[in-house]
Each structure stands twice: as C-alpha cells, then as structure tokens.
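Tertiary structure, described
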Amino acid sequence: MAAYLSRLHHISLHVSNAEKIASDLVSKFKFNLFASRLTDGSRQLALRKGAAVFVVNDRPELKRSAARLTEELPGVTGVNAGKHGRDHPTTRLYDVSLSYPVDTVSNVCFEVDDVGRSCRALRDMGCCFLVPPTTVQDEAGHVTYFVVKSIVGNVCHTLIDRTKYRGNFLPGFDVMEKHCSSEEEDASCPITHFDHITYACPRKTTHQLMRWYEDLFGFQRFFIDSDEDVEEGFVINQEGIALRLTAMEYWKCSKAGVSLPSVDKKEPDCKFVIAESLPEQGKNQVDTFLEKHRAPGIQHIGLYTKDIVSTAQTMAGAGVQFFSPPFAYYTEVGKQQEIEEAGHNPQMLAQHGILLDTDLHQDPSLPTELSFVSRYLLQVFTKPIFAEDTFFLELIERRGATGFGEGNIRALWRSVQAHMESERLDSQQEGPPGTAQTAQY
Ligand SMILES: O=C(O)C(=O)Cc1ccc(O)cc1
Ligand SMILES: [Fe+2]
C-alpha cells in the first residue's frame, strides 16, 4: 500500500552560497525570508511566497561530507532542536546533507498524516531510507519525519507529520515575526503555490519512474494532451525537438488513515512532469541538464501566479532574466489573434517573453453551438538561476487549461536551444572549456 501524501510542504535547495541564492529569491523573485536555522555547520533559510516554500541549504563541502553522513545517520533519531535541546552542529534538519558537486534542488518534502504508517508502507516496498524516523520538538509541539531516496538521481523526499505542531514552520527554525515585504509588492507578484515540478531524466526511464511514484505515493497519471498515447506519453519529435513528456499528479488527502482519497474530497496538488529526451534530433536541453547537473534531477519548477504579466514585469524590473521567443512569435497572424482573443496585449507579452497556448476544448454537456470552450495558459521561463546551466524557474498562469501547451513547449525549446548555442559560441571565443562563466545574472 502506498504512503498517501497530505500536501507538499517545501522544496529544498542545496547550494554553495545559500545567502546569495536566498538573497536572489528575496530581491528578484519577491519571496519572503521568514525562518532560519543557523548552526556552526549549516545554514538553512526558509522563504515563502503564498504556499510555495523553499528551504535554501548551504551545500557541505565534498571532502567532509562522507564523514558527516556516517556521523549523522545513526545518531539523528530523537534529536531535540533549537533552544531546548542538543543541537549537533552538522545536523541538517528535515533533510540529508549529502554532498553534491553542483548547486541542486534535491528534496521535495511532503506532509503526511500518519508518519508511522507511511514509514511501514514504504519499508515494506523496499524503499531506501536516508534518515530514519526522527522526532524534533520545541515549545510549540513536535514533528516526526524521515527521508527516503527516490529513484531520480539525487532527489530525496522528506515525509513529515506536523499534526502535533502548533508553531508557524518547523521546530529548530527561528521564525521571524514580521515578513519584510510590503502589501503592494505582494499584489504585483501574486504567486500562490508550486504548480509543477519537472524532472529531467535519461532515456527509457519514464516507465520505471512513473511506476515508483504510483506504487510508493499513489501518484496517478495525468494526461498532458488529449491525443497522448498511454504507453508513449506526450511525444514531440520534429523540427529539432525530441522530447517525451509524461505527467503525474496526486491528491491532497486530509484525514489520517484514509487509504484512498475519496472522490468528493479530491483536490490536486503540485503535478510532477517527467521530461525524457529522445535521441533523434541531437543534443538538447534535457541532455544539457543531465550533463551539467551530472545526474537526473529537478530541472525546473513552475510557480503558479494569478497575474503573469504583472509578476514578470516586477521580477524583470528586479533583475530576473527570462527566455524570449523570437519576436516573430508575437507577430504571427494566428498567434496575435489568439493572444488578443484571450484578452491580452501581444506587445505586453512580448516584452517579457510570455507564451500563450490555447486549448480549444469541447464540453459535451453544452449544446453544440456553445460547446467549444477556449481555455488557455500563459508561461514564461527564467534563465538558469544557479552558476551552472541547470535549474530554472517558470511562471505559469492558468486560465482553465490544466495541461502544458505544446506551442509553448516548442517556443521554449527554441529559445533554450538558441541560448545554448550562443553560450557554446561564447565559450569558444573565451578559451578552452571550463574557462567560460555561465552565470546568468
Ligand atoms: O511546459 C512545461 O512547463 C513543462 O514543464 C514541460 C517541459 C519539460 C521540459 C522541457 O525541457 C521543456 C518543457
Ligand atoms: Fe514547466
């Protein structure tokens, strides 16, 4: 039986300079730093925007990490954190401090209602535990968590039960009383939650991955496109693009002991997208991720916003760089009309590289003349946010469309390929490989 998840709690980043990345998330992406945990050995900074929470961790140095890991694993059970207890300087709470050679986003932490039951379920299925069940407490109560390794590269999942905790975040973190952002700033960047997490995976691994998430966490297939083949997934294999996309979703379930979320309580949470590159059209952005990240992993995260134009405008003004499709994208007759019919201004979208994809959907419950409902989605992709050309963020505004737009994927693909080509030319001009700086900001 699977371990059913209540909701996504936070996503952890492991980076060489936590302060720099946290400061970018605050100043450019308008997240609020609301909690921190500072010890001699590690720094964990928690940032929030709506329900989207990132925890930014300092990445342990390679040479010391092997020792740290063996030191941490047997000793963590029952650790007391914060002001009232023993606090091991190298303990990274709610995560593992595995060393990693490049900056990475590697832990998706979920809340569960019954940690004991989830742990037994995963153990019975042969899951690999990186941290055994561990209780952490402070004056506001206690939480219990454990960490499992996924089968996607360095991705781990922390499962945490915080039903016995009354504090604002997690024990061991100092929560700041007041958030630093003004209301005005929040109104211009209405990000509400994580919409999806996209994994970059090697060829022929999609099925195994889907099976793992279905069996262990009760994820279910989500069809990106109505024409999608059950076995093949959503395949784009033409005009230089060779990509297989498959998506999964799970439902927030709120009651302890519920074996399957009942139909009427269904509420989908963050989706998971598996992107697998296909060999036919040469090296591409998924291959680049696998090479630069040195393993499969989280390639990008979609942040859901209620107003993409204003969010992109504010972020661009604060220094975020977005990918832009060629200007011709916005002047093409069909696209221009599509944008206008959706009530948007092509020039405004062009200014920040925002892509629009309409999905004409037939609603069988309506009379034929009214049955075509136009649903659309808007997306814009940032350039990589770490020094390495790996992880990026996406803004997404959904107007009825629940999937991912094929037109948008094609436009993104082309702008990323063009970016990769210009990087390649730059590095050729600057000298041998390794001397070129790929930092985007
Ligand atoms: O369209 C989206 O937002 C996706 O998440 C799909 C996707 C996945 C990987 C890519 O390299 C490009 C597009
Ligand atoms: Fe995406």
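Computed from a predicted structure; not experimentally measured.

Digging into empty space enclosed by the protein
Empty space left among the atoms is revealed by rolling a probe the size of a water molecule over them. Using the criterion set out here, one finds five cavities of 30 Å³ or more in the structure. Looking at the lining of the largest cavity, the elements that each hand over two or more residues are strand S10 (191–201), strand S13 (241–249), strand S14 (271–277), helix H6 (285–293), strand S15 (297–305), strand S17 (372–381), strand S18 (392–399) and helix H11 (406–430). Taken as a whole, the second largest cavity encloses approximately 110 Å³ of empty space. Looking at the second largest cavity, the residues that line it are Gln285, Thr288, Phe289, Gln299, Phe323, Pro384, Asp389, Thr390, Phe392, Val416, His419 and Met420. Sorting the residues of the lining of the second largest cavity by element identifies H6 and H11 as the ones contributing at least two each. By residue class, the composition of the lining of the second largest cavity is six nonpolar, five polar and one charged.

Observations concerning the coordination of the iron ion (ligand 2)
Ideal geometry at a metal centre: 109.5 degrees between donors when four sit tetrahedrally, and 90 or 180 degrees when six sit octahedrally. Donor atoms from the polypeptide that bind the iron ion (ligand 2) are His196 (NE2), His300 (NE2) and Glu394 (OE), placed at 2.0 to 2.1 Å. Coordination of the iron ion (ligand 2) draws on donor residues from a single chain, spaced H-x103-H-x93-E in sequence. Of this pair, His196 sits in strand S10 while His300 sits in strand S15, and the two are 104 residues apart along the sequence. Pair check on accessibility: His196 and His300 agree, each one buried.

Notes on the UniProt feature "binding site: Fe cation" (unreviewed entry) in the chain
In this numbering, the UniProt entry assigns the feature "binding site: Fe cation" (unreviewed entry) to His196, His300 and Glu394. Their sequence span is 199 residues, while the largest C-alpha to C-alpha distance among them is just 9.4 Å; these annotated residues converge on one region. Within this annotated set, the largest cavity is lined by His196, His300 and Glu394. A residue is classified by how much of its surface remains accessible, and His196, at 1% relative accessible area, is buried. Excluding anything up to four places from it in sequence, His196 contacts Cys270, Lys271, Val273, His300, Ile301, Gly302, Glu394, Ile396, Arg398 and Phe404.

Here's the deal with the pairing of strand S8 (residues 156–161)
Of all the six residues making up S8, six are buried; the element is thus mostly covered by neighbouring parts of the structure. Both faces of S8 are covered, namely the face carrying Cys156, Thr158 and Ile160 and the face carrying His157, Leu159 and Asp161. Here three bridges tie strand S5 (residues 104–111) to S8, and the two strands are oriented parallel to one another. Bridge pairing in S8 places Glu111 opposite Ile160. Pairing analysis gives six bridges linking strand S7 (residues 141–149) to S8, with the strands arranged antiparallel.

Cut-off values and rules
Residues numbered from 1 in each chain as written. Chains lettered and ligands numbered in written order. Predicted model: local features only at pLDDT ≥ 70, side-chain atom pairs only at ≥ 80, totals over all residues. Heavy atoms only, no water. 1 Å grid on protein atoms, 1.4 Å probe; cavity = no way out; pocket = protein on both sides within 12 Å on 5 of 7 lines; lining within 4 Å. Points joined across faces, edges and corners; volume = space filled by probe spheres on them. Helix = DSSP H or I, 4+ residues; strand = E, 2+ residues; numbered from the N terminus. Nonpolar A, V, L, I, M, F, W, Y, C, P; charged D, E, K, R; others polar. Donors = N, O, S within 2.8 Å, 3.2 Å for Na, K, Ca; no water. Buried < 20%, exposed > 50% of the residue type's maximum accessible area, 1.4 Å probe, protein only. UniProt positions renumbered as here; feature names shortened; annotations may be inferred. Contact = heavy atoms within 4.5 Å. Pairing = 2+ DSSP bridges.

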